[in-house]
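Here are the chains, one letter per residue:
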Amino acid sequence: MLQFLITLSDQDIDIVITAVRRWCTKNHCEIDSSEGRRALTLAIDLVQNSARDTLLQNLTERLGPHPPSGIDAESSGAHSWRSS
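Rules of the game
Residues numbered from 1 in each chain as written. Predicted model: local features only at pLDDT ≥ 70, side-chain atom pairs only at ≥ 80, totals over all residues. Heavy atoms only, no water. Helix = DSSP H or I, 4+ residues; strand = E, 2+ residues; numbered from the N terminus. Contact = heavy atoms within 4.5 Å. Areas by Shrake-Rupley, 256 points an atom, 1.4 Å probe, with all protein chains shown as cover. Buried < 20%, exposed > 50% of the residue type's maximum accessible area, 1.4 Å probe, protein only. Expected span 1.5 Å × (residues − 1). Core = buried A, V, L, I, M, F, W, Y, C linked by side-chain atoms within 4.5 Å. Axes fitted to C-alpha atoms, helices over the stretch in contact; angles between N-to-C directions. Parallel < 35°, antiparallel > 145°, perpendicular 65-115°, else oblique. Left-handed = near helix turned anticlockwise from the far one by under 90°. Nonpolar A, V, L, I, M, F, W, Y, C, P; charged D, E, K, R; others polar.

The next thing to look at is the overall build of the chain. A count of helical and extended segments in the chain gives three helices and zero strands. Ordered by position in the sequence, the α and β elements of the chain form the string α-α-α. In the chain, 55% of the contacts between residues at least 6 apart in sequence involve partners at least 24 apart. For the chain, the exposed surface amounts to about 5800 Å²; the carbon and sulfur share of it is 51%.

Turning our eyes to something else, we now look at the side chain of Asp12. Its place among the elements puts Asp12 in helix H1 (residues 10–26). On the basis of relative accessible area, Asp12 is assigned to the buried category, the value being 8%. When sequence neighbours within four positions are dropped, the list of residues in contact with Asp12 reads Val47 and Arg52.

It is worth spelling out helix H2 (residues 34–48) at this point. Between its first and last C-alpha, H2 extends 21 Å over 15 residues, near the 21 Å set by a 1.5 Å rise per residue. Taken as a whole, H2 has its buried residues at Glu35, Gly36, Ala39, Leu40, Leu42, Ala43, Ile44, Leu46 and Val47. Where H2 is buried, its residues meet H1 and helix H3 (55–63). Positive phi shows up at Ser50, right after H2, with a value of about 65°.

Let us look at the nonpolar core. Note that soluble globular proteins tend to have their nonpolar side chains buried in a common cluster. The biggest cluster of nonpolar side chains holds 18 residues, and the ones touching the most others in it are Val16, Val20, Trp23, Leu55 and Leu59. Breaking this core down by element, the ones donating at least two residues are H1, H2 and H3. When residues in this core are grouped by element, the largest group, seven residues, is from H2.

A word on the packing of H2 against H3. Relative placement of two packed helices is described by the angle separating their axes and the distance separating the axes. Contact geometry of H2 with H3 gives a least axis separation of 10 Å together with a crossing angle of 125°. When the axis of H2 is compared with that of H3, the two are oblique. Like other packed secondary-structure pairs, H2 and H3 cross with a definite hand, here right-handed. Of the residues in H3, those touching H2 at Arg38, Ala39, Leu42, Ala43, Leu46 and Val47 are Leu55, Asn58, Leu59, Arg62 and Leu63. Residue composition of the contact of H2 with H3, grouped by class: eight nonpolar, one polar and two charged.

Without other data, these values stay purely geometric and don't point to any function.
Spelled out as structure tokens, the structure:
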């Protein structure tokens, strides 16, 4: 994922990092969490496809809010077929 950052201009890297940090702050997650990495990957893709001006808005629309901390697919019952 980070190898794609080197293909971006310094300005685009700043745009990506700023938008992802804002999205992470808004959604109470760390940039190095799985949600943060997902947002970073999407942000890079969006910037490469010229979505610079609406990057944070696009991240929010496409990713939505992430589940509250401590809740994942397994603990939320998504894998209930494994329970007894």
